Every structure is written in structure tokens, then in C-alpha cells.
Amino acid sequence: MDKVLARDSGSAAARSRPRAAVVSIVAGAAAVAATIAVATSASAGTTLGASAAEQGRYFGTAVAAFKLSDSTYVGILNREFNMVTPENEMKWDATEPSQNQFNYTSADRIVAHAQANGMRVRGHALAWYAQQPGWAQNLSGTALRNAMVNHITQVATHYKGKIYAWDVVNEAYADSGGGRRDSNLQRTGNDWIEVAFRTARAADPGAKLCYNDYNTDNWTWAKTQGVYNMVKDFKARGVPIDCVGFQSHFNSGSPYPSNYRTTLQNFADLGVDVQITELDIEGSGSAQATTYGNVVKDCLAVARCNGITVWGIRDSDSWRASGTPLLFDGNGNKKAAYTSVLNALNAGGTTPPTSTPPTTTPPTSTPPTTTPPTSEPPSTPPPAGACTATLTTNQWQGGFVTTVRVTAGGSPLNGWSVSVTLPAGSSVTNAWSAQASGSSGAVTFRNVDYNRQVGAGGSTEFGFQGTGTAPAGTASCTAG
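Treat the numbers as computed from the prediction; the structure is a model and nothing was measured.

Concerning the side chain of Asn218
Now for step 1: One can find Asn218 in the loop between β5 (208–213) and α10 (222–237).
Now for step 2: The exposure class assigned to Asn218 is buried, which follows from its relative accessible area of 12%.
Now for step 3: A polar side-chain atom of Asn218 sits 2.9 Å from a polar atom in the side chain of Thr220.
Now for step 4: Looking at Asn218, its side chain comes within polar contact range of the side chain of Asn259, at 3.0 Å.
Now for step 5: Aside from chain neighbours lying at most four places away, what touches Asn218 is Thr224, Pro257, Asn259 and Thr263.

As for the state of the cysteines
Now for step 1: Under the definition given, this model contains three disulfides.
Now for step 2: Paired through a disulfide, Cys210 and Cys243 show a sulfur-sulfur distance of 1.9 Å. Across the S-S bond of Cys210 and Cys243 the torsion is about -80 degrees, and the bridge reads as left-handed. Remark: Cys243 occurs in strand β6 (residues 243–246) and Cys210 occurs in strand β5; sequence separation between them is 33 residues. The residues Cys210 and Cys243 share a single accessibility class, namely buried.
Now for step 3: A disulfide bridge connects Cys387 with Cys477, and the sulfur atoms are separated by 2.0 Å. One quick way to see it: the torsion about the S-S bond of Cys387 and Cys477 is about -105 degrees, and its sign makes the bridge left-handed. Of this pair, Cys387 sits in strand β10 (residues 387–396) while Cys477 sits in strand β19 (residues 474–479), placing them 90 residues apart in sequence.

A closer look at the pairing of strand β3 (residues 120–128)
Now for step 1: By the criterion of burial, β3 is predominantly enclosed, with eight of the nine residues buried.
Now for step 2: Of the strand pairs in this sheet, strand β2 (residues 83–86) and β3 are connected by two bridges, and their pairing is parallel. Among the inter-strand pairings, Val84 is bridged to a residue of β3, identified as Val121.
Now for step 3: Here β3 runs beside strand β4 (residues 165–170); their pairing, made up of five bridges, is parallel. If you follow His124 over to β4, its bridge partner there is Asp167.

Describing helix α13 (residues 336–347)
Now for step 1: Between its terminal C-alpha atoms α13 stretches 17 Å, which fits the 16 Å expected from 12 residues at 1.5 Å a residue.
Now for step 2: Along α13, the residues that are buried comprise Ala337, Tyr338, Ser340, Val341, Leu342, Ala344 and Leu345.
Now for step 3: Structurally, α13 contributes buried residues whose contacts are with α3 (48–54), β1 (58–63), α4 (71–80) and α12 (285–301).
Now for step 4: Looking one or two places after α13, you find Gly348, whose phi comes out positive at around 85 degrees.

Describing the packing of aromatic side chains
Now for step 1: Per the counting criterion, the structure on display carries 20 aromatic pairs.
Now for step 2: Seen in terms of ring centroids, Tyr58 and Tyr164 are 5.7 Å apart; in terms of plane orientation they differ by 75 degrees. Their pairing is edge-to-face. On the criterion of sequence distance, the pair formed by Tyr58 in strand β1 and Tyr164 in the loop between α8 (141–158) and β4 is long-range, its members being 106 residues apart. Residue Tyr58 shares its accessibility class with Tyr164, and that shared class is buried.
Now for step 3: Relative to Phe464, the ring of Phe445 has its centre 4.7 Å away and its plane inclined at 20 degrees; by these criteria the two rings are stacked. Of this pair, Phe445 sits in strand β16 (residues 442–446) while Phe464 is found in strand β18 (residues 459–467), placing the two residues 19 residues apart along the sequence.
Now for step 4: A network of ring pairs unites the aromatic residues Phe102, Tyr104, Tyr159 and Trp166 as a single cluster.
Now for step 5: The ring of Tyr164 carries the charged tip of Arg120 above its face, separated from the ring centre by 4.5 Å.
Now for step 6: Here the basic side chain of Lys223 rests over the ring of Tyr214, its NZ or CZ set 3.6 Å away from the ring centre.

The rules behind the values
- Residues numbered from 1 in each chain as written.
- Predicted model: local features only at pLDDT ≥ 70, side-chain atom pairs only at ≥ 80, totals over all residues.
- Heavy atoms only, no water.
- Helix = DSSP H or I, 4+ residues; strand = E, 2+ residues; numbered from the N terminus.
- Buried < 20%, exposed > 50% of the residue type's maximum accessible area, 1.4 Å probe, protein only.
- Polar contact = N/O pair within 3.5 Å; in protein donor to acceptor, adjacent residues only side chain to side chain.
- Contact = heavy atoms within 4.5 Å.
- Disulfide = S-S within 2.5 Å.
- Pairing = 2+ DSSP bridges.
- Expected span 1.5 Å × (residues − 1).
- Phe/Tyr/Trp six-rings, centres within 6.5 Å; stacked < 30°, edge-to-face > 60°.
- Lys NZ or Arg CZ within 6 Å of the ring centre and 35° of its normal.

This is the structure in C-alpha cells:
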């Protein structure tokens, strides 16, 4: 995205010196100290970052480099947050578009902005099955493994000492069954995740190394247990893993679970930090505000929960914009959810865990092999019904993210597919919550297990990312 080289901005005191009166060294130092003290006092308890810092935690957001020219966006960013995550700029396709030819300009711009404004940076992500450059997608076996190792080494070395925590590996587990996702990286050998972590430690030994995934919030789910067992194994064998990231994208199809705190605590008990890395909660009003507050309280109740990152600033910046899932509306106004989060942060971490975490891997019963629906499914599949699909797009120069909302008609859906026609020269590089057939021209997206059933009049969402120009208007939806 936008291109600026990062430079060390120095300490907060150093950045304040030009504002101090030049009377003497002693007077100048006193003026700087007073300026810092006043700024700290004014912000304490009144912004997300300051309130989180009082609890020994951070409150961050995902940042897109091209939006750093938006004054409203930057004003909220600088006022409210003390951690940033580059949204796309550090991923493989952005940093190594041609093999062994690296481009850090957009990511460097975000890092430079963070350093200049006293924020830390989460690096996202070094190894992922999606958003790989075309040349990497065409590799396999030893060639791909070597390319992954080189990529991690080069990128982590470039940012050595500037990153608080790396998402070393992203989304390596399948959505059902508790096993690994079938990907080109997985097919290089089952040790690829371990190799990625060891490579990252060698390149940037001062950064926390995290595994990051979605649909791991509910302790009883098979995917959660699969990731838990991997982390437990890594800790037992000395694989360098320091933290686990929970994306926590909540909506009606994947709601906030009542055992969320238990999940965070159980992972923390393995000896790793836990971080809420991509939080967004669809909805509005008091219901959304309550859920946001509960998530913050859960983090504060777990000593090793370092902090929370929301995936975007304003609703209009979100990859799920139609669900209004963030803390600020499209005009940058604070929502009820913002107030709920701030109040929870200021209340502190006095709420005890809801139960004593188990000492073994449990649960006591076998977890389901697929993500459970929000209500008990009927004994027989519901009849198919008509459906519609609407598109919401976030476009930038050379790429886009499109969110598709599938809405059932008067009858419930028992499966659905959506057909989208891409403009000439555009292609899909990544999809979530749907299976894509094709990547250019006419592309069909079909439901996955956990969003197959949609109640009459209800809706679910999926998304895809691509290069070129985003599709416009509506898409064709077919039930069944």
C-alpha cells in the first residue's frame, strides 16, 4: 500500500523537546517532564489505550497504510490505541511479491507511524496458507519449505527489535474435526509449524511468538482442542511458542461463548500468554455493548491475557462493514460498545474466573467435530428456500476485500451457494467462511459446515479477498 521507510523515532521525551522553552538544560528538562505528566494525567481512564495500560495491558487496532492519509482515521488511532497490527501489509504477498525480492514500504509506513506515536506493533503474519504470492502457490515440497524459511528469516530480521509479537503461523487448523488444515504448507510435512517458530526465534529473539486462529473461542470445540494439544506439545518439547492469539470474530452464526474465559485461562495455564487479536462483534446497541464488555472482563480476569486488538477502527473500515462490528461508527463517533469497553477497562481485573480451570486437556465429553450451531438443529433438515446475497466492499489500489451477506427468504436454508462475476483482470486470493470454486471470472462460493443452515429471514456472512477491481452490486444466491 502507501510507501514510507520506518526510522527510529526515539523516546517520548526526545519527541517533546522542540516544544520546551530553550532557557537552560535544567529548565528544558523540567518543561519536558511537566508536558509528559500533564499529557499522562489527562488521558488516564479516558481512552482505550491509557485505560488498558493502567491494567498492565494494551488496546490495539488493525491499521491499513493507505488510510493513514485520512485525518479522522488517524485522529482516532493516535488518541485511542497503543498497539497496531498491519492489516495486510506484512503478509507474504505484500512483502515478497517476487521470490527473494522484498518490499517493505507499506509495512514500514505503519511501523514508522507507530514508533512516532508511542505505539507498539504486532507483526501479522509470517506463514499462512492464504495471501501467498503466486510464485509461492506454485511451489511444493522442499522448494516451498525452503521458501517459507527464507521468507520468515528475511521479514523477521528486517523488523528485528521493532515488533512486540509475531503471528508466526496463522490459521493452520481445519474448521472441523480438530486436525490440521490441508494446505500447501501442511503438505511440506507435519513439522512445518514447529520449523516456522524455530526460524522466527532465530531471526527475532526478542519478540513474542504467537499462533493465531479463529473459531477457537469455545473450549468444547474440536478445533480449540486441536490447537490446545499442539501448544501443549510444543511447550513440552521446547518449541519456542510464547503466546496464542484468538481472533474472536463474533456474530449470530459464531456467537460469544459463555466459556470464553475458561478457554483463555486453560491456554494460559500451559505457560503461554493469550491475546485477543482480531476482535469484532456484529450488532448494535446494548446487546453489542454488553458482549464487548464481557470480552474485556474475561481478558482482565486472566493474568496472562496481555491485551486486545479490534480489527479496524470505524465500522466503515471493517471487513464486515455491513455488520457494524466495531467501536466507532462510520463517521468516527463513539458507539455504546466503546463506552462499555472503556468502563470495563476502568473497572479493572477484579472479576475472578468463573470456575477453576481443569488440569487436564478435557472437556469431559467428546467435543463436536464441527462448530455447533447457535441452537439445537431440527431432527430433520429444514427445507430449502430462496436466498439473496448482497456485497459490501473495501477497495484499495490493486486489491479489495468483499463481504457477502446471505439472507434466507421465507423458508430456512439447508445449504447455499453464491455466484460472483469478477471484472476482467481481477482474481480471488483468499476466502473465509465459504469454499470457493475458481478464482477469476465467474466464481462460486459454497457454505461450509458451520454456516450451512440459516433460519427463515436470517442471514450469515462470508468474505473473500482479491487483486484488481472488486465486483459491484449484488450476487446470485442459490439455496440447497
